[in-house]
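Chain by chain, the residues:
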Amino acid sequence: METMSWGAELWDQFDSLEKHTQWGIEFLDRYTKFIKERCEIEVNYAKQIRNLSKKYQPKKSLREEEESKYTSCRAFLATLNELTDYAGQHEVIAENLTAKIVSELGRYIQDLKAERKSHFHDGRKAQQHMENAWKQLESSKRRFERDCREADRARQHFEKMDADINVTKADVEKARLQAQMRAQIAEDSKSEYSSCLENFNQEQNQHYHTLLPLIFQRIQEMEERRVEQVGVCMKTFAEVERQVLPIVGTCLDEMSRAAESIQPKADSQQVVECYKSGFEPPGDVEFEDYGLKRTASDSNLSHTRSRSKSKLWPFIKRNRLMSLLTSPRQSPPPPPSSPPSPDLPNGPHSPKPQREPLSHRLSELISSKPRMHCSSKPRMHCLRSLKRGGSGSEDLSHLPPEQRRKRLQAKIQDIGRHLQKELDEKEALTKMKDVYQKSPQMGDPSSVEPRLAEICENIDRLRLEAQKFEGWLAEEEGRLPVKSDPPRKQSGPYGTKNSSSCGQDRESPDGSYTEDQNLEMQQRSQSNEMADKFEDEEPLPAISTCKVLYPFEGQTEGTMSVSEGELLHMIEEDKGDGWTRVRRNDEEEGYVPTSYIQVFLDNSGQDS
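Keep in mind it's a predicted model, so treat the numbers as computed, not measured.

Q: Residue-level account of the environment of Pro445, with values.
A: Mapped onto the elements of the fold, Pro445 is located in the loop between helix H11 (401-438) and helix H12 (449-479). The spatial distance from the C-alpha of Pro445 to the C-alpha of Leu429 is 9.8 Å, given a sequence separation of 16 residues. Those residues in contact with Pro445 that lie beyond four places of it in its chain are Lys433, Tyr436 and Gln437.

In structure tokens form, the structure reads like this:
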């Protein structure tokens, strides 16, 4: 398209062009403001995206435990990291827009204002020159016109004087000379006016055909460069964002790959690995026939079976759990058939119906207040963690075996990393000390010794901790069942006095069996050690006294043999299962049938 010249087409629109170019500069200022606000939006958006990513970043204490386990958590963490990179690209957009557009436009606008000022100054100067030339021409013209009128009046006055006969010749001559002088002045004014007019026409022609078109051409070129600069900035605006699109696309691709890396089956398996306790589920509850009279062999059989039952629940509070496990598993036997004495307040009663299911009993035990354990403390593996102080114990004994083993391994690895770091620092300081000793000018060897001694102390402490945790790990791994090995039999904390008669049914704390006698002796020693720790606790206080009405031989675990007429201390009343917990001479504790005793609530048993 052919471009029209402003000098030829807009020769009379100098003021309009001045306003238009001023509008062009204001447009550039407005576009620069738009880019600045866009940069602020990008920066704020990037900041909000970063804050959002930071807000949902996992805590440092949980990152290694949770995000390293589940694929969904790892994918979400990868998405958050990519989102941070995504926010960084928006910051890059803001930086590039500021550097390539805002800064460049700022400098260009300053140059444009200076150039525009120069061009319009030249234009106004040319216009002022033309106005001065026009004023000079008008002045010459008016002077020529005035001189012509005066010359005409002088000529008319001379003609009048010459025609008048009454006027003297001297007056006529004077009028003639005056007319000639005015005519000469008019002729000179005419020549001056003609010269001014010629000069003005030349200057006007040069002004409108040469000078002003040149100025307008420069202004036109300036305006075209301004428009071109706007186009360049707009293209740069698009290119700046286009440059980050590959990286943004990479971030989005990584987010998609992170989403595709989620494996539901692996997460499901990880739940098993995370929460597997290592305990064996409880075995079946065997049927006990209360209608048949028990014999010694039946008692032994029941005694053997009671030993072979699996652990029920590893995390019940210790005292209540011991009461559960040491209390007889069957209903108490009926009293002898002799009629009860009429003066007994609670005579023998018939056998109670079959007890509630074991799950109901466990629920009742968990919800009720814990009670102290009896003197016949069963050596239970799961009670070691309870004895050591609950959930805050250093040896992590409050955790199930499998979880404890994993946590101990992680602790040992963490200690190993710290130990290796200290060893590396010790090696570096030792080399530095050797260098100082060989070259004293490089440093004082004694300045390294305090830090070296501190590192040695840290190494010794870490090694002791590592040995301590390795011992606990070895202890735990010795108790965990080996799934790949065939079932073996071993004795466990559920052993009874008659261990020789039920050696084939002995059970370990985790439900596995072994025939390794060394392992059996080792675990029995650990159980005895644990039982010794339990014995440090104070016994339950006696709540009343009682008198034995009938002899009873306690052949099952948790029961106690008593003789008729014997006075005992009752330390735990009947909970509805037909058994009462009693103590003899502050030494032996156990359960006896409630129907076999008479209770004195006023502690008057001694007097009776």
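There is more to say, and it comes next.
Q: If you had to explain the pattern of salt bridges to someone new, which residues and values would you point to?
A: For the coordinates displayed, the defined rule picks out 27 salt bridges. Salt-bridge contacts for Glu241 lead to Arg38; the nearest nitrogen and oxygen are separated by 2.9 Å. With Glu241 in helix H5 (residues 169-260) and Arg38 in helix H2 (residues 14-55), this residue pair connects regions lying 203 residues apart in the sequence. Classification of Arg38 as buried rests on a relative accessible area of 16%. Residue Asp414 is joined to Arg417 by a salt bridge in which the shortest nitrogen-to-oxygen separation is 3.3 Å. Pair noted here: Asp414 and Arg417 are both in helix H11, with a separation of three residues, about one helical turn. Note on Arg417: relative accessible area 48%, which makes it partly exposed.

Q: Tell me about a nonpolar patch on the surface, residues and numbers included.
A: A surface patch of nonpolar side chains, amounting to about 300 Å² of accessible area, comprises Leu52, Tyr56 and Phe76. By secondary structure assignment, the location of Phe76 is in helix H4 (residues 71-163).

Q: Quick one: what's the story with the packing of H2 against H5, residue by residue and with numbers?
A: The interhelical angle for the contact between H2 and H5, taken along N-to-C directions, is 15°, at an axis separation of 11 Å. Of the possible angle classes, the one that applies to H2 and H5 is roughly parallel. As H2 runs across H5, the sense of the crossing is left-handed. Split by residue class, the contact of H2 with H5 holds 17 nonpolar, three polar and four charged.

Q: I'd like a description of the sheet that holds strand S2 (residues 567-572), backed by residues and values.
A: The five strands are arranged S4-S3-S2-S1-S5 in an open sheet whose pairing can be described as antiparallel. Only two strands of the sheet have a single partner each, and these edge strands are strand S4 (588-593) and strand S5 (597-600). On average, each strand axis in the sheet is tilted by 40° relative to the strand beside it, whichever way the strands run. Note: strand S3 (residues 579-584) against S4, six bridges, orientation antiparallel. Bridging across to S4, Arg581 finds its partner in Tyr591.

Q: Give me the lowdown on the side chain of Thr71, citing residues and values where you can.
A: Here Thr71 lies in helix H4. Accessibility expressed as a relative area gives 5% for Thr71, which makes it buried. Once residues lying within four places of it in the same chain are set aside, the contact partners of Thr71 are Ser261, Ile262, Gln263, Ala266 and Asp267.

Q: Got a sec to walk through the pairing of strand S1 (residues 544-548)? Specific residues and values, please.
A: Here S1 lies mainly inside the structure; four of its five residues are buried. With four bridges joining them, S1 and S2 adopt antiparallel strand pairing. Along S2, the bridge assignment pairs Thr545 with His569. Judged from the four bridges that link them, S1 and S5 form a sheet pairing that is antiparallel. From the neighbouring strand, Val548 faces S5, where its bridge partner is Ile597.

Conventions and cut-offs
Residues numbered from 1 in each chain as written. Predicted model: local features only at pLDDT ≥ 70, side-chain atom pairs only at ≥ 80, totals over all residues. Heavy atoms only, no water. Helix = DSSP H or I, 4+ residues; strand = E, 2+ residues; numbered from the N terminus. Contact = heavy atoms within 4.5 Å. Salt bridge = Lys/Arg side-chain N within 4 Å of Asp/Glu carboxyl O. Buried < 20%, exposed > 50% of the residue type's maximum accessible area, 1.4 Å probe, protein only. Patch = residues over 30% accessible without salt bridge, like charges linked within 9 Å, V, L, I, M, F, W, Y side chains within 5 Å. Areas by Shrake-Rupley, 256 points an atom, 1.4 Å probe, with all protein chains shown as cover. Axes fitted to C-alpha atoms, helices over the stretch in contact; angles between N-to-C directions. Parallel < 35°, antiparallel > 145°, perpendicular 65-115°, else oblique. Left-handed = near helix turned anticlockwise from the far one by under 90°. Nonpolar A, V, L, I, M, F, W, Y, C, P; charged D, E, K, R; others polar. Pairing = 2+ DSSP bridges.

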